[in-house]
Amino acid sequence: MNGGWTLRAPCRGQAGFTVRENEWKTGADIKRLCGAQLATCGPCPFRAVCIATVKPAQALFDGIAGGRLWCNGVVIAALDDVCDEELAEPKLRASCGTEAGAKDHVRHGERPCPSCRQAAREMTARRKEAKAKEPKQLQLDFATT
Ligand code: SF4
Ligand SMILES: [Zn+2]
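Residues numbered from 1 in each chain as written. Chains lettered and ligands numbered in written order. Predicted model: local features only at pLDDT ≥ 70, side-chain atom pairs only at ≥ 80, totals over all residues. Heavy atoms only, no water.

1. Concerning the coordination of the zinc ion (ligand 2)
Distances from the zinc ion (ligand 2) to its protein donors, namely C96 (SG), H105 (NE2), C113 (SG) and C116 (SG), fall within the range 2.1 to 2.3 Å. Coordination at the zinc ion (ligand 2) comes from 4 donor atoms whose angles at the metal span 103 to 116 degrees, giving a geometry best classed as tetrahedral. Mapping the donors of the zinc ion (ligand 2) onto the primary sequence gives the spacing C-x8-H-x7-C-x2-C. Of the two residues, C113 and C116, neither departs from the other in class, the shared state being buried. (Donors = N, O, S within 2.8 Å, 3.2 Å for Na, K, Ca; no water. Tetrahedral: all angles 85-135°; square planar, octahedral: opposite > 155°, others 65-115°. Buried < 20%, exposed > 50% of the residue type's maximum accessible area, 1.4 Å probe, protein only.)

This is the structure in structure tokens:
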């Protein structure tokens with residue numbers, strides 16, 4: 001990482017934020033090797049610039065950047081308080097405005113664009129509605145008196 005901000009980052013001088021190619025096979029290995037360090041990003045004010053510098057999605061990065069744990073450039077774990085604004089600006093694609101478009105943004109490590117955000121909201125609402133319409137399982141009370 002470059003820039004004066006790295007000198008003030010909580011992870012400065014700490015190991016365990018990335019893995020070597022021969023150290024892991026699955027996301028579970030990356031979680032095992034780096035997961036404990038994720039909390040270091042908690043108070044870090046540089047999450048957005050960290051992500052903008054590492055470019056995890058483009059670099060197929062494995063390890064910790066910006067309060068997220070990445071495997072092959074995809075987020076596999078994150079701190080509870082991460083927000084989309086810390087991610088890269090979205091690129092607009094033909095898929096925008098659909099669930100597939102929202103997934104494309106995730107795949108590229110970007111925040112969703114407004115139309116994909118709306119599509120994702122609508123999809124969640126439709127799923128909730130469909131779930132509410134599912135027949136409820138009969139709850140039998142076998143309690144004896
Ligand atoms: S977000 Fe995490 S990895 Fe990035 S500079 Fe801050 S502490 Fe280091
Ligand atoms: Zn979009």
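So much for the structure itself; the text now carries on.
2. Comments concerning unusual backbone geometry
You will see that K55, though not glycine, has its phi angle at about 50 degrees, which is positive. For K55, the position within the fold is in the loop between helix 3 (47-54) and helix 4 (56-59). Positive phi is not limited to glycine here, since N72 has a value of about 55 degrees. Here N72 shows up in the loop between strand 2 (68-71) and strand 3 (74-78). (Helix = DSSP H or I, 4+ residues; strand = E, 2+ residues; numbered from the N terminus.)

3. A closer look at the packing of helix 5 (residues 99-107) against helix 6 (residues 114-133)
Between two packed helices, both the angle of their axes relative to each other and the distance between the axes serve to describe the pair. One way to put it is that helix 5 packs onto helix 6 with a least axis distance of 8 Å and a crossing angle of 120 degrees. When the interaxial angle is binned, helix 5 and helix 6 end up oblique. As for the relative orientation of helix 5 and helix 6, their crossing is left-handed in sense. When helix 5 is examined against helix 6, the residues E99, G101, A102 and H105 are found in contact with a partner set consisting of C116, A119, M123 and R127. Grouping the amino acids of the contact of helix 5 with helix 6 by side-chain chemistry returns 4 nonpolar, 2 polar and 2 charged. (Axes fitted to C-alpha atoms, helices over the stretch in contact; angles between N-to-C directions. Parallel < 35°, antiparallel > 145°, perpendicular 65-115°, else oblique. Left-handed = near helix turned anticlockwise from the far one by under 90°. Contact = heavy atoms within 4.5 Å. Nonpolar A, V, L, I, M, F, W, Y, C, P; charged D, E, K, R; others polar.)

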